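For reference, the chains in residue letters:
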Amino acid sequence: MKRTLLTLLTALFILPALADEGMWLPSLISSRIDDMRAKGFRLTAEDIYSVNQASMKDAVVLFNGGCTGELISPEGLLLTNHHCGYGAIQRHSTVEHDYLTDGFWAMSRAEELPNEKLWVRFLVRMEEVTDRIAAGETADEIVKKAEAEGPGYKAAVEQMYYGNQQFLFVYEQFDDVRLVAAPPSSIGKFGGDTDNWIWPRHTGDFSLFRIYAGKDNKPAAYSPENVPYRPKRHFTISTAGVEEGNFTMIYGFPGNTQEYILSDAVAYIAERSDPAKIAIRTGRLDIISKAQESDPALRIFYAARHASIANAWKKWQGEVLGIERRGTVASKRAYEEAFDAWAQDKPRYRNVVAQLKAEYARIADPYFAREITLETLGALPIKYSAKERAEAVFARRKATERALYSLQFGEYAHRCPAQFQIPEFLDGVARYGSPEAFADTTAATALRSGTKRMLDHITWLTGTKSLRNLNSKRLNELYTTYIKGLREWDAERAFYPDANLTLRVAYGTVAGYEYADGEYHKPQTTLDGIIAKDNPEIYDYDIPQTLRDRYASKEYGRWAATIGGHKTVPVCFLATNHTTGGNSGSPVLNASGELIGINFDRTWRSTMSDVAFDPSICRNIAVDIRYVLFVVDRIGGAGYLLKEMKLK
């Protein structure tokens, strides 16, 4: 009976790992290279990652701590998503020069715009340091030695498999990164929140930057004397296109997954945490959207905040839907029960599942309080700087900011468990009579003269420590044992470490999927779909007139393709690569390691892949590189940039 159950669970959990699941460490990619080559990859492990010669890793960067970018020229030209560069584009935008709406195209190096506090990091090397730490060397000592190796070096020791292994990552950071080009938001953010996480997709989600360095090609603070960085490697761009079944590889910095968490944690996400945060953000978005519709200046001012709030808001909705429809809680619970049965005659592992469940029960309420606090009080700009208060748009923001205060104070009072509410908050409510009255007074004070952030005084006594995952020190200790036990018990499973914003390889194929019974979603979209959605009365669907003109004349230049029997321009495609946040902007590569697209999203129900990857529905979305080049050349008029790229 136990053998039958294990066989069934193996089918549920092992086969997906052989069907494009996984985020693999580049330095260990040799363990996967046979599978990659069986699926069509034509290069070697050394081509992907090497410390002895230039390799693909040298053309990939961590972009400003939250996205990925790739080098596409020998002169430091960098490609990433429009939404990754959105903050920089917004900061350069005004009502008079609205680069969000109109786009930005530097027509020379002199027109490229510097960006304060925008940086990129190249991975110099990664190495396992588990033995060094076991021998008594501290992570801080290891990091200090590594950072002394070169100018601009940054290092970190990261845990893998919940502390069963530790790896050192050494980076080289460049701080002079300039904006080169960005399409209008009606291309780069086409479809806005309505289309976000949805397929079919028609978003040209890209922007271009350039890395600058000192004349020695080393990192340097911004200076007019700096020169374009000369990378060790940049990607060749393939214009041959993609077809269903083609091999794809993504090389990037996925931010956070929890593939090995217990069913208790998945239930917390789907049944408690996500629904509460969705409701809070719905209210915030309603207030901000109303302000944006009323005033062009407020539309620009709140653009990045709206996008940031809406992205996770919609992602969580898809995550809940995917978890519920695929029965993830039940399947994980069955897996845990099978492991627990195996562990009963093994003292080290016998009680670990029960102890994990007990720890989840202990920390759930205080952690939920933490999440609600950060989603409400923690999301308010309770202190406004003198510079902010001097801005012309500040007076027009006041009604919106006060409405946000009222909403978020009220949501905090309603949702945060009473025993964990902040004493200062409770005192304020008692003094003014209600959360909303307290909010109005606090907002008025902050808007008038600024006030110290309420959250500065909070000390968390719950033992929870992770912002993104339900977690505690004790839970991590238990997971170290649990994961070690899983790897002994389920020896045939292809285990990979959870994403933690370190460089990873994911691979798969271009593929559509069955969205619903009898409804198959093809893996490619085209310009025809953009024209079908075009609506001048809706900001997110009001495409540039030049794009309408190109479609009418069919003047696509070399970027035309015959798809569905007629001439058009490819826009986006689907693949089966395992991705998450942080993979935004990652290069999508073909079997020869050539750039064919830029990863920017997942399908809605694919967001469940942060806790359980399902190969039947999990798809990443990429903008086709041919559409990027078409927009740069035929819409932006910046075709000169193509001359520094290697097109094939």
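What counts, and at which threshold
The residue numbers shown here count from 1 along each chain, following its written sequence. With the structure being a predicted model, the display of local features is reserved for residues of pLDDT at least 70 and the display and counting of side-chain atom pairs for 80 or more, all residues being used for whole-chain, interface and lining totals. Hydrogen atoms and water are omitted, and side-chain values are computed over all heavy atoms in the structure. Strands here mean DSSP runs of E at least two residues long; helices mean DSSP runs of H or I at least four residues long; both are numbered from the N terminus. Each radius of gyration is computed over the set of C-alpha atoms, and the globule rule expresses the reference value as 2.2 Å times the number of residues to the power 0.38. Using a 1.4 Å probe on the protein chains alone, a residue whose accessible area is under 20% of its type maximum counts as buried, one over 50% counts as exposed, and one in between counts as partly exposed. Every residue pair with non-hydrogen atoms within 4.5 Å of one another is taken to be in contact. A pair of strands is labelled paired if DSSP reports no fewer than 2 bridges between them. To obtain an axis, a line is fitted to C-alpha atoms, over the contacting stretch when the element is a helix, and the angle between two such axes runs from 0 to 180 degrees between their N-to-C directions. A helix's residues, less one, multiplied by 1.5 Å, set its expected span. Among the buried residues, those of types Ala, Val, Leu, Ile, Met, Phe, Trp, Tyr and Cys that are joined through side-chain atoms within 4.5 Å form a nonpolar core. Whether two aromatic rings pair depends on their centres lying within 6.5 Å, for rings of Phe, Tyr and Trp, where Trp uses its six-membered ring; planes under 30 degrees apart make the pair stacked, over 60 edge-to-face, and the rest tilted. Any carboxyl oxygen of Asp or Glu within 4 Å of a side-chain nitrogen of Lys or Arg constitutes a salt bridge here. Put simply, angles under 35 degrees are roughly parallel, angles over 145 are roughly antiparallel, angles from 65 to 115 are roughly perpendicular, and the rest are oblique. Residues are sorted three ways: Asp, Glu, Lys and Arg are charged, Ala, Val, Leu, Ile, Met, Phe, Trp, Tyr, Cys and Pro are nonpolar, and all the rest, Gly among them, are polar. The term polar contact refers here to a pair of N or O atoms within 3.5 Å; inside protein, the definition further demands a hydrogen-donor-capable atom paired with an acceptor-capable atom, and it admits residues adjacent in sequence only when both atoms are side-chain atoms. Any cysteine sulfur atom paired with another within 2.5 Å is treated as part of a disulfide. We call a crossing left-handed when the near helix sits turned anticlockwise from the far one by less than a right angle, and right-handed when that turn is clockwise. Bending is quantified residue by residue as the angle between axes fitted to the seven-residue window ending at that residue and the seven-residue window starting at it.

J.: Any chance you could break down the overall build of the protein for me, citing the residues and the numbers?
T.: Assigned secondary structure in the protein consists of 22 helices and 22 strands. For 648 residues, the compact-globule formula gives about 26 Å, and the C-alpha radius of gyration of the protein, at 25 Å, lands near that figure. C-alpha extents for the protein along the principal axes are approximately 70 × 65 × 60 Å. Here the protein holds 648 residues, and the buried ones make up 58% of them. Counted over contacts in the protein with a minimum sequence separation of 6, partners at least 24 positions apart contribute 77%.

J.: Quick rundown of the sheet that holds strand β19 (residues 570–575)? Include the residues and the values.
T.: Spatial ordering of the open sheet is given by β13-β12-β20-β21-β22-β19-β16, a layout of seven strands whose pairing is antiparallel. A strand with exactly one partner marks an edge of an open sheet, and here the two such strands are β13 (504–509) and β16 (524–526). Averaged over all adjacent pairs, the angle separating strand axes in this sheet is 30°, with direction ignored. Pairing geometry for strand β12 (residues 247–252) and β13, over six bridges, is antiparallel. Counterpart to I250 in the pairing with β13 is A506.

J.: So, helix α13 (residues 328–343): which residues are in play, and what are the values?
T.: The terminal C-alpha atoms of α13, which comprises 16 residues, lie 22 Å apart, in line with the 22 Å expected from a rise of 1.5 Å per residue. When we look at burial in α13, the residues that qualify are T328, V329, K332, Y335, E336, A338, F339 and A343.

J.: Any chance you could break down the nonpolar core for me, citing the residues and the numbers?
T.: If you look at the biggest cluster of nonpolar residues, it comprises 173 residues, and the most contacted ones within it are M36, I48, M249, Y482 and Y627. With sequence-adjacent residues up to four places away left out, Y627 is seen in contact with I187, G204, I530, L547, V569, P570 and V571. I142, V143, A146 and A155 belong to the second-largest nonpolar core, a separate cluster that totals nine residues.

J.: Before we move on, could you go through the side chain of D195 and cite the residues and values that matter?
T.: Here D195 shows up in helix α9 (residues 192–195). In this view, D195 contacts F190, R201, K314, K533 and Y541; residues no more than four positions away in its chain are not counted.

J.: How would you sum up the packing of aromatic side chains? Please name residues and give values.
T.: In total, this model carries 32 aromatic pairs according to the counting rule given. Judged by centre distance (5.3 Å) and plane angle (45°), the rings of F122 and Y229 are tilted. With F122 in strand β6 (residues 120–128) and Y229 in the loop between β11 (227–228) and β12, the pair connects residues that are 107 residues apart, well separated along the chain. A residue is classified by how much of its surface remains accessible, and F122, at 4% relative accessible area, is buried. With a relative accessible area of 5%, Y229 lands in the buried category. Here a set of aromatic residues connected by ring pairs shows up, and it is made of Y162, Y335, F339, W342, Y349, Y360, Y479, Y482 and W489.

J.: Go over the environment of A622, please, and point to the residues and values.
T.: If you trace the backbone, A622 turns up in strand β22 (residues 620–624). When the C-alpha atoms of A622 and I598 are compared, they prove to be 5.1 Å apart, with 24 residues separating the residues in sequence. The residues contacting A622, other than those within four sequence positions of it, are V571, C572, F573, V588, I598, N599 and F600.

J.: With reference to specific residues and values, describe the pattern of salt bridges.
T.: Applying the stated criterion to the full structure yields 39 salt bridges. In this structure, the salt-bridge partner of E137 is R132, at a minimum N-O distance of 3.0 Å. Notably, a salt bridge pairs E371 with K277, separated by 3.1 Å at the nearest N-O pair. Separated by 94 residues along the polypeptide, E371 in helix α14 (residues 352–375) and K277 in helix α10 (residues 263–294) bring together distant segments of the chain. Here the two residues E371 and K277 agree in accessibility, since each one is buried.

J.: Hey, could you go over the pairing of strand β3 (residues 77–80) for me, with residue numbers and the actual values?
T.: Across the two faces of β3 the burial is the same, with L77 and L79 and L78 and T80 all buried. The pairing of strand β2 (residues 67–71) with β3 spans two bridges and is classified as antiparallel. Paired with L71 across the strands is L78, a residue of β3. Counted between consecutive antiparallel strands, the loop separating β2 from β3 contains five residues, among which G76 sits at a positive phi close to 75°. In terms of strand pairing, β3 meets strand β10 (residues 207–213) through four bridges, oriented antiparallel. Each residue of the ladder has a partner; that of L78, found in β10, is F209.

J.: Tell me about the packing of α13 against α14, residues and numbers included.
T.: Packing of α13 against α14 leaves a shortest axis separation of 9 Å and a crossing angle of 135°. Here α13 lies oblique to α14, going by the angle between them. Contacts between α13 and α14 pair E336, F339 and D340 from the former with V352, V353 and K357 from the latter. Residues belonging to the contact of α13 with α14 are distributed by class as follows: three nonpolar, no polar and three charged.

J.: Account for the pairing of β10, with residues named and values stated.
T.: Among the seven residues that make up β10, seven are buried, leaving the element largely enclosed by the rest of the structure. Side chains S207, F209, I211 and A213 of β10 all project onto a buried face; the interleaved residues L208, R210 and Y212 project onto the opposite face, where all are buried too. Direction of pairing for β10 relative to β11: antiparallel, over a ladder of two bridges. By the bridge assignment for β11, A213 is matched with V227.

J.: Kindly report on the side chain of N620, identifying the contributing residues and their values.
T.: Here N620 is to be found in strand β22. A distance of 3.0 Å separates a polar side-chain atom of N620 from the backbone nitrogen of N577. In contact with N620, not counting residues within four places along its chain, are I250, F573, L574, A575, T576, N577, T579, N599, D601 and R602.

J.: Quick rundown of the state of the cysteines? Include the residues and the values.
T.: In this structure the tally under the stated criterion is one disulfide. C618 takes part in no disulfide bond, and the closest cysteine sulfur to it belongs to C572, at a distance of 19 Å.

J.: Which residues make up the packing of α10 against helix α12 (residues 303–326), and what values do they have?
T.: At a minimum axis distance of 8 Å, the contact between α10 and α12 shows a crossing angle of 150°. In this structure, α10 meets α12 at a crossing whose hand is left-handed. Its residues assigned to classes, the contact of α10 with α12 comprises 14 nonpolar, six polar and six charged.

J.: Talk me through helix α16 (residues 394–415); I want residue IDs and the actual numbers.
T.: When the terminal C-alpha atoms of α16 are compared, their 30 Å separation across 22 residues agrees well with the 32 Å that a helix rising 1.5 Å per residue should span. Along α16, the sharpest change in direction is near 25° and occurs at T400.

J.: So, the environment of V180: which residues are in play, and what are the values?
T.: With respect to the helices, strands and loops of the structure, V180 is situated in strand β9 (residues 176–182). As a C-alpha pair, V180 and L78 span 102 residues in sequence and 9.0 Å in three-dimensional space. What V180 contacts, discounting residues up to four positions off in sequence, is L77, F104, W105, A106, E112, L208, F209, R210 and L641.

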